[in-house]
Amino acid sequence: MIHINLLPVREIQRRNKAKQQIFLSAVTLLIFLFFLSLFAFFQSNRVTQLQKNYEKLQQEKRQYTKILNEIKRLEENKTILKTRIDVIKKLKESSSLTVHILDEVANLTPPSRMWLTALSQTGKELRLSGMALDNQTVAKYMDDLDKSPFIGGVNLVSSSMKIFAERNLKLFSVACTVDTPDSDNNINNSK
């Protein structure tokens, strides 16, 4: 007997394959969507964590900005104080320099051979005017002044003859520079 299969086997197989393919595609799509949502969830958590870190860093930055501004203000005050200290040091140095210069001039002036009539200091320039018995006294005085650690660059500005108390005296004017000696010079001069 002959059996005739009236069922469309090939058609059914094709349908079953199509159903399997649709089912596998749906499962693959669901797995893909699951992993995609899992990835999105982790990324969302990471974004939230990064946002918290960013806010924390911004808060630290504000705190450090306050500290940096305070440091900047303190450095400005330090600069002002250093300037004031330098001015005070220069004033002390200048006042002590004037005292040393007057002491040097007084000690180096020969009392019985020379008389000073004028002394003026402008900055680092010193001008001396006076009368001496002779040219040798003026020359020796200039050499002595030049050897002083506080006075240097001694130059004769003018020299003339003047009769004073029935004697011929030398009228002179000397210009020189003044400065504080180096500490090495002070050590050498004190020996």
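All values reported here derive from a predicted model rather than from experimental measurement. (Residues numbered from 1 in each chain as written. Predicted model: local features only at pLDDT ≥ 70, side-chain atom pairs only at ≥ 80, totals over all residues. Heavy atoms only, no water.)

Caption draft 1: Up close: the overall build of the protein chain. Looking only at helices and strands, the protein chain has three helices and four strands in total. Secondary structure elements in the protein chain, listed N-terminal to C-terminal, are α-β-β-α-β-β-α. Against the compact-globule benchmark of 16 Å for 191 residues, the protein chain has a radius of gyration of 51 Å, which places it well outside the compact range. Principal axes of the C-alpha set define a box for the protein chain whose edges measure 180 × 35 × 30 Å. Long-range pairs, those at least 24 residues apart, make up 54% of the contacts in the protein chain with a sequence separation of at least 6. Of the roughly 15500 Å² that the protein chain leaves accessible, carbon and sulfur atoms contribute 59%. (Helix = DSSP H or I, 4+ residues; strand = E, 2+ residues; numbered from the N terminus. Rg over C-alpha atoms; globule rule 2.2 N^0.38 Å. Contact = heavy atoms within 4.5 Å. Areas by Shrake-Rupley, 256 points an atom, 1.4 Å probe, with all protein chains shown as cover.)

Caption draft 2: Representation of the environment of Ser159 in the model. Tracing the backbone through its elements, the reader meets Ser159 in strand β3 (residues 151–164). Leave out the neighbours within four places in its chain, and Ser159 touches Asn135, Leu171 and Phe172.

Caption draft 3: The arrangement of helix α1 (residues 9–108) in detail. Helix length check: α1, at 100 residues, gives a terminal C-alpha distance of 139 Å against a target of 148 Å (1.5 Å per residue), a fit within 8%. Along α1, the residues classified as buried are Leu97, Ile101, Glu104 and Val105. Residues of α1 that are buried in the fold lie against β1 (114–122), β2 (125–132), α2 (135–147), β3 and β4 (167–178). (Expected span 1.5 Å × (residues − 1). Buried < 20%, exposed > 50% of the residue type's maximum accessible area, 1.4 Å probe, protein only.)

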